[in-house]
Amino acid sequence: MLSKVIDQTKIDRFTRWLEHAEKIVIVGHVAPDGDAIGSSLGFYHFLETLDKTVNVIVPNGFPDFLKWLPGSRDILLYDRYKEFADKLIAEADIICCLDFNALNRIDSMADSIQAAKGKKLLIDHHLQPEEFCDIIMSYSHISSTSELVFRLICRMGYFSDITREGAECIYTGMMTDTGGFTYNSNNPEIYFIISELLSKGIDKDDIYRKVYNTYSESRLRLMGFVLSQMKVYPDCHAALISLTKKEQGQFDYIRGDSEGFVNIPLSIKGVILSCFLREDTERPIVKISLRSVGAFPCNQLAAEFFNGGGHLNASGGEFYGTIEEARVMFAKALEKYKPLLNAKG
Ligand code: 5GP
Ligand code: MN
């Protein structure tokens, strides 16, 4: 049995909404990751079994390693089909916002979501959600939005309606947001849920291979290059890797190629904070990813130095300057956080 995470009153209210709703739009965040896509498609498959008209819309493209997910071809990219997407959003009876806590996480979609008349539901696990939805199901101690989607469907009494396709999407989101169940993954209920998903016929080993072992040769060479340039700060138990636009060109970089790079320096003994800086190809910014182990709050560092936020152990942000300046900023952040990085325990 699973413990009750989502408030019953919120579930009851959403259930009542559903009775009168026909058109539903599901929205995920910019640069959608495995959990954004997995939770959105998991919820999409469920709502389809209720005979609703459902559309998943995300601000921009997602990595190739998620394209095998059942239903992924039906996902609408806002940056390509803005007009059509705006129409769907405006006409939706319900808008489900999944895996983000603030409107700025959906970029240019924010205006039409804010203006939409439909009822809005948030399902998310990021800290401090903004109040842009009527029902807020936000539980930051849960390791993925996909897990919350599973919990919601079950609490509504529809476990038996979860299809294998839906289960594959939910599992993928749970797996990717915990690094293949290597962090944020000590809650025993996660493994109860996995066994329930297995009972739907998913092949978890095959899903692992499809997500993690289908990269290009150039991606592996890029990884080797990035690691060869890594800077380690032994005094601060930290490491920094980076990727310029020029280097991306040299290695035929495509979206998703650097997914997971930021975790690699954490495999060095003693390193508890890893930072990855990447020059964005579309905007003149540097994208920051931070990962930590233990109690070090990389979301605090991201908020203070890189206009970002996120989870305790996985956060990100943006820097408005050159990659060189971002490196200097990271060194500055390390100076400030040195005592905490050296704290025992
Ligand atoms: P990633 O490093 O995988 O891009 O992001 C890890 C986590 O950091 C995300 O799940 C999200 O919570 C947070 N994050 C990433 N980028 C940003 C950002 O620009 N702003 C904020 N507030 N959070 C971010
Ligand atoms: Mn997530």
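Please refer to the structure placed before this passage.
Report follows, based on the coordinates. Everything quoted here is computed from the prediction, not taken from an experiment.

Moving on to the pattern of salt bridges. According to the stated counting rule, one finds 15 salt bridges in the structure shown. Between arginine 164 and glutamate 165 there is a salt bridge whose closest N-O contact spans 3.8 Å. On the basis of relative accessibility, which here comes to 41%, the residue arginine 164 falls in the partly exposed class. Residue classification places glutamate 165 among the partly exposed positions, given a relative accessible area of 30%. Across the salt bridge formed by lysine 336 and glutamate 304, the nearest N and O atoms sit 2.5 Å from each other. On the criterion of sequence distance, the pair formed by lysine 336 in helix H12 (residues 323-341) and glutamate 304 in helix H11 (residues 298-306) is long-range, its members being 32 residues apart. Judged by relative accessible area, which is 48%, lysine 336 ranks as partly exposed. Classification of glutamate 304 by relative accessible area gives partly exposed; the value is 40%. Connected through shared salt-bridge partners, Lys23, Lys87 and Glu91 make up one network.

Quick look at the sheet that holds strand S7 (residues 231-233) now. An order of S7-S8-S9-S10-S12-S11 is seen for the 6 strands of this open sheet, with the pairing classed as mixed. Two strands bound the open sheet, and with one partner strand each, they are S7 and strand S11 (309-310). Inspection of the sheet shows S7 paired to strand S8 (residues 238-243) by 3 bridges, in the antiparallel sense. Across the sheet, residue lysine 231 finds its bridge partner in S8, namely leucine 240. Packed onto the sheet, H11 meets strand S9 (273-279), strand S10 (286-292), S11 and strand S12 (314-319) and runs at close to 5 degrees relative to S12.

Attention shifts here to the sheet that holds strand S3 (residues 76-77). In space, the 6 strands of this open sheet follow the order S3-S2-S1-S4-S5-S6, with parallel pairing throughout. Unpaired on one side and paired on the other, S3 and strand S6 (135-138) mark the two borders of the sheet. Looking at chain direction, strand S1 (residues 23-27) and strand S2 (residues 53-58) are connected through 5 bridges and run parallel. Looking across to S2, one finds that isoleucine 26 is bridged to valine 56. Across the sheet, helix H5 (residues 145-155) is in contact with strand S4 (94-98), strand S5 (119-124) and S6; its angle to S5 comes to roughly 120 degrees.

Once that is clear, we can look at the coordination of the manganese ion (ligand 2). Asp35 (OD), Asp99 (OD), His125 (NE2) and Asp177 (OD) make up the full set of protein donors to the manganese ion (ligand 2), lying at 2.2 to 2.3 Å. Mapped onto the sequence, the donors of the manganese ion (ligand 2) take the spacing D-x63-D-x25-H-x51-D. Of this pair, aspartate 35 sits in helix H2 (residues 34-49) while aspartate 177 sits in the loop between helix H6 (164-176) and helix H7 (188-198), and the two are 142 residues apart along the sequence. Comparing aspartate 35 with aspartate 177, the two get one shared label, buried.

So, on to the environment of lysine 120. Inspection of the secondary structure puts lysine 120 in strand S5. Overall, lysine 120 belongs to the buried group, its relative accessible area being 9%. At 2.8 Å, the side chain of lysine 120 forms a polar contact with the backbone oxygen of isoleucine 113. A distance of 3.3 Å separates the side chain of lysine 120 from the backbone oxygen of glutamine 114, its partner in a polar contact.

Time to look at the site of ligand 1. Every one of the 13 residues lining ligand 1 counts as a neighbour, but His126, Lys287, Ser289, Arg291 and Gly316 are closest to it. Interatomic distance of 2.9 Å between a side-chain N/O atom of histidine 126 and an oxygen atom of ligand 1. In this structure, lysine 287 approaches ligand 1 through a side-chain N or O atom, which is 2.9 Å from a nitrogen atom. Surface burial for ligand 1 is 78%, taken as the share of its 500 Å² of free accessible area covered by protein chains. Mapped onto the shell around ligand 1, the elements with two or more residues apiece are S10, S11 and S12.

Thresholds, definitions, all that
Residues numbered from 1 in each chain as written. Chains lettered and ligands numbered in written order. Predicted model: local features only at pLDDT ≥ 70, side-chain atom pairs only at ≥ 80, totals over all residues. Heavy atoms only, no water. Salt bridge = Lys/Arg side-chain N within 4 Å of Asp/Glu carboxyl O. Buried < 20%, exposed > 50% of the residue type's maximum accessible area, 1.4 Å probe, protein only. Helix = DSSP H or I, 4+ residues; strand = E, 2+ residues; numbered from the N terminus. Pairing = 2+ DSSP bridges. Contact = heavy atoms within 4.5 Å. Axes fitted to C-alpha atoms, helices over the stretch in contact; angles between N-to-C directions. Donors = N, O, S within 2.8 Å, 3.2 Å for Na, K, Ca; no water. Polar contact = N/O pair within 3.5 Å; in protein donor to acceptor, adjacent residues only side chain to side chain. Near = heavy atom within 4 Å. Areas by Shrake-Rupley, 256 points an atom, 1.4 Å probe, with all protein chains shown as cover.

Don't take any of this as a statement about function, it's just geometry.
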